[in-house]
Amino acid sequence: MVTLYDVPADALIEALADRLEDRIDEPDWVNYTKTGVSNELPPQQDDFWFVRAASLLRKVATDGPVGVDRLSTAYGDRNKGSTRYRVAAPHAEAGSKKIIRTILQQLEDEDLVSTAQGEGRVVTPTGQSLLDEIAADVLEDLDRPELEKYA
């Protein structure tokens with residue numbers, strides 16, 4: 001049986017994002033919001049919302065139970081420091097918690113993620129089976145000789 005650990009993360013996230021496009025909706029405000037304090041512009045990808053949702057679902061599955069704070073740290077970035085408006089030393093900044101929270105709520109509505117009281121979010125059996133099913137599809141489509149031992 002193929003699991004999400006048996007396939008490359010980028011291929012799994014890409015396939016999962018395609019599947020999530022039918023299940024979740026992109027909010028109206030996503031075109032105007034930044035993904036963190038360290039960024040100056042909103043994301044330029046057309047399918048940013050679905051790629052981030054797929055990435056979050058995979059991260060909750062591998063690291064869960066996990067909370068919004070820890071996820072925002074994982075999706076954070078290094079602030080470049082000085083800009084044309086201020087002078088500052090470079091330091092780490094957290095990612096946007098609103099984006100993460102909204103996506104997790106949408107995944108909860110689809111019964112892919114649930115809240116473990118006092119611990120954070122965990123993947124439901126439905127979400128785990130979706131991840132394993134997509135991982136099996138991705139492994140069949142991959143043309144990489146080093147992954148043949150998993151087939």
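Shown above is the structure to which this text applies.
Residues numbered from 1 in each chain as written. Predicted model: local features only at pLDDT ≥ 70, side-chain atom pairs only at ≥ 80, totals over all residues. Heavy atoms only, no water.

J.: What am I meant to see in unusual backbone geometry here?
T.: Negative phi is the rule for most residues except glycine; trans is the rule for most peptide bonds. If you check the backbone angles, Asp-111 has positive phi at about 60° while not being a glycine. Within the fold, Asp-111 resides in the loop between helix 4 (97–109) and strand 3 (113–116). (Helix = DSSP H or I, 4+ residues; strand = E, 2+ residues; numbered from the N terminus.)

J.: Any chance you could explain the pairing of strand 4 (residues 120–123) here in plain terms?
T.: Side-chain positions along a regular strand alternate between the two faces of the sheet. Of the strand pairs in this sheet, strand 3 and strand 4 are connected by four bridges, and their pairing is antiparallel. Within the sheet, the bridge partner assigned to Val-113 lies in strand 4 and is Val-123. (Pairing = 2+ DSSP bridges.)

J.: Is there a simple way to think about the packing of helix 2 (residues 48–63) against helix 4 in this case?
T.: Contact geometry for helix 2 and helix 4: axes closest at 10 Å, N-to-C directions at 75°. As judged from the angle between their axes, helix 2 and helix 4 are roughly perpendicular. On the side of helix 2, the interface is formed by Phe-48, Trp-49, Arg-52, Ala-53, Leu-56, Leu-57 and Val-60, while helix 4 contributes Ile-99, Ile-100, Thr-102, Ile-103, Leu-104, Gln-106 and Leu-107. The residue inventory of the contact of helix 2 with helix 4, partitioned by class, reads eleven nonpolar, two polar and one charged. (Axes fitted to C-alpha atoms, helices over the stretch in contact; angles between N-to-C directions. Parallel < 35°, antiparallel > 145°, perpendicular 65-115°, else oblique. Contact = heavy atoms within 4.5 Å. Nonpolar A, V, L, I, M, F, W, Y, C, P; charged D, E, K, R; others polar.)

J.: Is there a simple way to think about the side chain of Thr-124 in this case?
T.: As for its placement among the helices and strands, Thr-124 is situated in the loop between strand 4 and helix 5 (125–141). Look at Thr-124 and you get buried, because its relative accessible area is 8%. A polar atom in the side chain of Thr-124 sits 2.7 Å from the backbone oxygen of Asp-111. Ignoring anything within four residues of it in the chain, the contact list for Thr-124 reads Asp-111, Leu-112, Val-113 and Ser-114. (Buried < 20%, exposed > 50% of the residue type's maximum accessible area, 1.4 Å probe, protein only. Polar contact = N/O pair within 3.5 Å; in protein donor to acceptor, adjacent residues only side chain to side chain.)

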